[in-house]
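Working through the structure, step by step
Chain residues, written in single-letter form:
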Amino acid sequence: MRHARIHPRTLGYLGRALSLELSAVQQYMTQASLAEAWGLPEAAVRLREETVEEMQHAERIIQRMLVLGVAPNGSHLRPAGVARNLVDLLRQDAVLEAEIVALYREAVIFCRRIGDRENGDFFEALLNEESAHAREIEDWLASLGIRRYREPDERAYF
Ligand SMILES: [Fe+2]
Ligand SMILES: [Fe+2]
């Protein structure tokens, strides 16, 4: 069977990715509602768009798991990052996006190392999208006057 060759660690990455993507859905959905309640309709629209993007990422992971013959098993939905203003919401998003990027980077390296090209390509596509997404959040913060700095390991903190 095709899925018999899948390394258990690869399945572990998929499960963690699904948990993080669904956590991102909850976080952006919550933040869109907060932004609306604060009278920031443009931010609310943008955060709703982020919600949909993260939902599509979760869907792709679910589809990949089904192709591999495993039941989707995201199991650690974390509480949404909330705050009292938009800048602090976005800081929470930057932290979550950095975590997702780090996970996909690790998954790509692992799949390449064991010669699993198909899953490596899958994770790499998500890595590229989430890296771009992390930059968009940084740019949004920058547009609000928040400058970022980079740690030596190149992960962004604020
Ligand atoms: Fe995502
Ligand atoms: Fe994202």
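Basis of the calculations
Residues numbered from 1 in each chain as written. Chains lettered and ligands numbered in written order. Predicted model: local features only at pLDDT ≥ 70, side-chain atom pairs only at ≥ 80, totals over all residues. Heavy atoms only, no water. Donors = N, O, S within 2.8 Å, 3.2 Å for Na, K, Ca; no water. Helix = DSSP H or I, 4+ residues; strand = E, 2+ residues; numbered from the N terminus. Buried < 20%, exposed > 50% of the residue type's maximum accessible area, 1.4 Å probe, protein only. Patch = residues over 30% accessible without salt bridge, like charges linked within 9 Å, V, L, I, M, F, W, Y side chains within 5 Å. Areas by Shrake-Rupley, 256 points an atom, 1.4 Å probe, with all protein chains shown as cover. Salt bridge = Lys/Arg side-chain N within 4 Å of Asp/Glu carboxyl O. UniProt positions renumbered as here; feature names shortened; annotations may be inferred. Axes fitted to C-alpha atoms, helices over the stretch in contact; angles between N-to-C directions. Parallel < 35°, antiparallel > 145°, perpendicular 65-115°, else oblique. Left-handed = near helix turned anticlockwise from the far one by under 90°. Nonpolar A, V, L, I, M, F, W, Y, C, P; charged D, E, K, R; others polar.

Below, the discussion takes up the coordination of the iron ion (ligand 2). In the first shell of the iron ion (ligand 2), the protein supplies Glu54 (OE), Glu97 (OE), Glu97 (OE), Glu130 (OE) and His133 (ND1), at 2.1 to 2.4 Å from the metal. All donor residues of the iron ion (ligand 2) come from one chain, and their arrangement in sequence is E-x42-E-x32-E-x2-H.

What follows is about the coordination of the iron ion (ligand 1). Here the iron ion (ligand 1) is held by the protein donor atoms Glu21 (OE), Glu21 (OE), Glu54 (OE), His57 (ND1) and Glu130 (OE), which lie 1.7 to 2.8 Å from it. Each donor residue of the iron ion (ligand 1) lies on the same chain, and together they follow the pattern E-x32-E-x2-H-x72-E. Separating the iron ion (ligand 1) from the iron ion (ligand 2) is a distance of 3.5 Å, and Glu54 supplies a donor atom to each of them. In this pair, Glu54 sits in helix H2 (residues 41-67) while Glu130 sits in helix H4 (residues 117-143), placing the two residues 76 residues apart along the sequence. Overall, the relative accessible area of 0% leaves Glu54 in the buried class.

So, about a nonpolar patch on the surface. The grouping of Met29, Val52 and Met55 at the surface amounts to a nonpolar patch, some 270 Å² of accessible area in total. Inspection of the secondary structure puts Met29 in helix H1 (residues 8-37).

In the UniProt entry, the feature "binding site: heme b" (unreviewed entry) is given for Met55. Here Met55 lies in helix H2.

Put simply, H1 and helix H3 (residues 86-113) touch, their axes get as near as 10 Å, and they point 165° apart. Between H1 and H3, the crossing angle belongs to the class labelled roughly antiparallel. Note on packing geometry: the crossing formed by H1 with H3 is left-handed. Of the residues that constitute the contact of H1 with H3, the class distribution is 14 nonpolar, 5 polar and 8 charged.

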